[in-house]
Amino acid sequence: MDSNGLDSDGREFRNAEEMWREEVGEEGSKSQWYGTAIRYWEKVDATVDGVLGGYGHVNDADIAASDAFLTSILAERFPAQRDAPTAGRTSRHLVALDCGSGIGRVTKNLLLRHFNEVDLLEPVPHFLEAARVNLAPEDLTVPEMHRAANFYCVPLQDFTPDAGRYDVIWVQWCIGHLADDDFISFFKRAKIGLKPGGFFVLKENIARTGFVLDKEDKSITRSDQYFKELFNQCGLYIYTMKDQKGFPDELFAVKMYALTTEMPRRPTGKSKSKRLSNRPAIIQ
Ligand code: SAH
């Protein structure tokens, strides 16, 4: 990644390699990088406002845009199964994985509406405990037969899914915690977790150019171009992508990418590149 970047104190880096060398280059410094992030989140309230960095009020716009994005892709990719006559036939049993799930906000408001089972992956124990409570089966807002199935207290860089379990792997506001090499190896491992036709959704803050390092929670906000270079290295293709609308102007731009392991048969959506952390965040 050739573009220069910034950290949260306004210091400039010539390129991402320079920043990564400093942050995770030394022996043992990678575990410090990941440890600092976990300690940061351990002090954050297990609430919607907490996981959204004080921007709990963007929840509704976030979920509405994600719902429209997901609904159209599911209809395109799994039409026959989803619309199959029910008499004597069962429709596709849909399973999703919510990565960096926090307190289960995305699972509760979005994924359980579409998927029969959702697994949650979250390394911070008090968030995952809150998710268990929030997603307890007596929650009547969730359609019958749709349930949170497994709760894994594991970080992305250490996770390998069961082969062929998931229709969708949803990754929102957490990939900025992964160093580039772990980003690539995570997606390469996670591919085996997809069913045929399954796909990833990555929803993230986007830097205008290069990257922005947040020194406090040890995460980086990457540009659209930076993400595309990484997708390429993961062997992933953009099936379609969309800009999030309706967020406050002071926040980074947010994009949704649907990613497949096979080359798409139609042109991908185009969108403007703007600036964009791991949750809604003020532009620095
Ligand atoms: N995706 C959720 C939570 C966003 S907050 C939502 O949109 O509501 C960012 C989350 O990333 C926190 O729950 C934090 O604990 C988690 N996280 C931090 N480091 C991580 C890592 N290495 N792997 C996976 N998740 C991580």
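It should be emphasised that the depicted structure is a prediction, and the values quoted were computed from it without experimental measurement.

### Thoughts on the environment of methionine 263
Locating methionine 263 in the fold gives a position in the segment after β11 (253-260). In this structure the C-alpha to C-alpha distance between methionine 263 and tyrosine 239, which are 24 residues apart in sequence, comes to 7.8 Å.

### A look at the sheet that holds strand β2 (residues 12-13)
The sheet built from four strands is open, its strands ordered β2-β1-β8-β9 with mixed pairing. The open sheet has two edge strands, β2 and β9 (219-222), and neither has a second partner. In this structure, strand β8 (residues 211-214) lies alongside β9, joined through four bridges in antiparallel fashion. Opposite leucine 213, over in β9, you have isoleucine 220 as the bridge partner.

### Some details on the site of the ligand
In the vicinity of the ligand lie 19 residues, with Gly100, Arg105, Glu122, Gln157 and Gln172 positioned nearest. For the ligand, an oxygen atom lies 2.8 Å from a polar atom in the side chain of arginine 105. In the environment of the ligand, an oxygen atom lies 2.7 Å from a nitrogen or oxygen atom belonging to the side chain of glutamate 122. About the coverage of the ligand: the protein hides 99% of its 570 Å² of free accessible area.

### Considerations on the pattern of salt bridges
The tally for this structure, following the rule as stated, stands at 19 salt bridges. In this structure, aspartate 181 engages lysine 30 in a salt bridge whose closest nitrogen and oxygen atoms are separated by 2.8 Å. Residue aspartate 181 is found in helix α8 (residues 180-191), and its partner lysine 30 is found in helix α2 (residues 29-42); the two are separated by 151 residues along the sequence. Using a relative accessible area of 45% as the deciding quantity, one classes aspartate 181 as partly exposed. Note that aspartate 119 is salt-bridged to arginine 165, the shortest N-O span being 2.7 Å. With aspartate 119 in strand β4 (residues 117-121) and arginine 165 in the loop between β5 (147-152) and β6 (166-172), the pair connects residues that are 46 residues apart, well separated along the chain. Neither aspartate 119 nor arginine 165 differs from the other in exposure class; each is buried. What you see here is one network of salt bridges that share partners, running through Glu117, Asp119, Arg147 and Arg165.

Basis of the calculations
- Residues numbered from 1 in each chain as written.
- Predicted model: local features only at pLDDT ≥ 70, side-chain atom pairs only at ≥ 80, totals over all residues.
- Heavy atoms only, no water.
- Helix = DSSP H or I, 4+ residues; strand = E, 2+ residues; numbered from the N terminus.
- Pairing = 2+ DSSP bridges.
- Near = heavy atom within 4 Å.
- Polar contact = N/O pair within 3.5 Å; in protein donor to acceptor, adjacent residues only side chain to side chain.
- Areas by Shrake-Rupley, 256 points an atom, 1.4 Å probe, with all protein chains shown as cover.
- Salt bridge = Lys/Arg side-chain N within 4 Å of Asp/Glu carboxyl O.
- Buried < 20%, exposed > 50% of the residue type's maximum accessible area, 1.4 Å probe, protein only.

Everything listed here is a matter of geometry and, on its own, says nothing about what the molecule does.
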